[in-house]
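Listed here are the chains, written in short residue letters.
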Amino acid sequence: MFVTTRRIVRFAFQNLFRNIWLALATVSIITLALLSVNFFVLANAFIDTSLTAIEKRINISVYFKPSGQESEFLTLADRLRALPQVDEATYVSKEEALEKLKAKYDTEKSSIVADSLKELDENPLTASLIVRAKSIDDYPPIEALLNEQQYEQLIDKKEFDDRTLLIRKIKDIKERAAAVGYVINIFFAIIASLIVYNTIRITIYTRKREIGIMKLVGATNTFVRTPLLLEGVLYSIIAMGATLLLLYPLLGAIQPSVERFFDGQAFDVLGYFSSHAVEIFGMQLLASIALNIISSSMAIGRYLKV
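Residues numbered from 1 in each chain as written. Predicted model: local features only at pLDDT ≥ 70, side-chain atom pairs only at ≥ 80, totals over all residues. Heavy atoms only, no water.

**Observations regarding the side chain of S295**
Note on placement: S295 falls in helix α11 (residues 277–303). Residue class for S295 comes out buried when judged on its relative accessible area of 5%. With residues up to four places along the chain from it excluded, the contact list for S295 reads S193, V196 and Y197. (Helix = DSSP H or I, 4+ residues; strand = E, 2+ residues; numbered from the N terminus. Buried < 20%, exposed > 50% of the residue type's maximum accessible area, 1.4 Å probe, protein only. Contact = heavy atoms within 4.5 Å.)

Now the structure itself:
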């Protein structure tokens, strides 16, 4: 059994090196297909990160009337936090609001504003509450609570940072990009499968006499077919290795541009692919192997008369 397996593997590698230029062309096309899939994955990660960043900036700012009591403000904040739709409800007192304003303008460039703030006899700011929902669809229940009649005398005004239109546009772009990505990936998959098919067909043609001799000396159909199938698997493995060698330097090169695009928000491109390596590259390798085995099987079934 071990001897047979070793011979099958040896024959598969012999087939590959005998048609080295054709093998390189096959591996190159499969590599391009895998790279297109990975850039599609990267584009989806960019869009998802953009959506998350935008959703985090959406909030409802509630400004209280000066006549209200802090205990009433805190009670409302606790009631909001109890809602399952609320991710965070941050209470900002008058004093905290003034300190933040002073810190914001406490620079040489803004010295005039800072000096003006120091001259204030009393705090002109009001207490506020910043409410952030868990998702964009969770704001209606929050607004309904804030619009209750009992809070009319407590709340001065509400500001809703609504970016739903922008989110809708980005989701629409994601759907269109997904459609284009699927078409491109299917195109490369078809081309790669056809090239593998023809590579195996040429291998069968160039080894036709050798295969006939193997049959005459008692080689089984499985022994003849398996190296050809294994050759298709080798194309996938080599192409995946080439993809990784090309992809990671490219990801490292675009990392600074990604950081500038997200305005300092942490998004580690290399870290993303490394943390999802099994999921991303494992599925790609299995899909590539499956396609190549199917292509090889079709070529063997049509051109190999054993």
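Text resumes after the structure shown.
**Description of the packing of helix α3 (residues 70–81) against helix α6 (residues 139–146)**
Packed helices, taken two at a time, are described by their axes: the angle between them and the distance between them. Running from N to C, α3 and α6 point in directions that differ by 150°, and their axes come no closer than 11 Å. The orientation of α3 with respect to α6, classified from their angle, is roughly antiparallel. Between α3 and α6 lies a crossing whose hand is right-handed. Across from L76, R79 and L80 in α3, the residues of α6 making contact are I142, L145 and L146. Its residues assigned to classes, the contact of α3 with α6 shows five nonpolar, no polar and one charged. (Axes fitted to C-alpha atoms, helices over the stretch in contact; angles between N-to-C directions. Parallel < 35°, antiparallel > 145°, perpendicular 65-115°, else oblique. Left-handed = near helix turned anticlockwise from the far one by under 90°. Nonpolar A, V, L, I, M, F, W, Y, C, P; charged D, E, K, R; others polar.)

**Description of α3**
With 12 residues, α3 should cover 16 Å at 1.5 Å per step; its first-to-last C-alpha distance of 17 Å lies within 8% of that length. For α3, the set of buried residues is F73, L76, A77 and L80. All buried residues of α3 lie within an arc of 100° about the axis, which places them on one face of the element. Its buried side turned inward, α3 meets β1 (60–64), β2 (86–92), β3 (128–133), α6 and β4 (155–160). (Expected span 1.5 Å × (residues − 1). Arc of directions from axis to C-beta.)

**Comments concerning the side chain of D138**
On the secondary structure map, D138 appears in the loop between β3 and α6. Contact partners of D138, with chain neighbours within four places excluded, come to Q85 and A133.

**Points about the layout of surface pockets**
The computed volume of the largest pocket comes to approximately 260 Å³. Lining the largest pocket are 16 residues, with L34, V37, A189, S288 and L291 sitting closest to its centre. At the level of elements, α2 (20–57), α7 (164–206) and α11 are the ones that each hand at least two residues to the lining of the largest pocket. A per-element tally of the lining of the largest pocket places α11 first, with six residues. The residue makeup of the lining of the largest pocket, split by class, is 10 nonpolar, six polar and no charged. Lining the second largest pocket are S61, Y63, V92, A97, K100, T126, S128 and I130. For the lining of the second largest pocket, the elements supplying multiple residues, two or more each, are β1, α4 (94–104) and β3. (1 Å grid on protein atoms, 1.4 Å probe; cavity = no way out; pocket = protein on both sides within 12 Å on 5 of 7 lines; lining within 4 Å. Points joined across faces, edges and corners; volume = space filled by probe spheres on them.)

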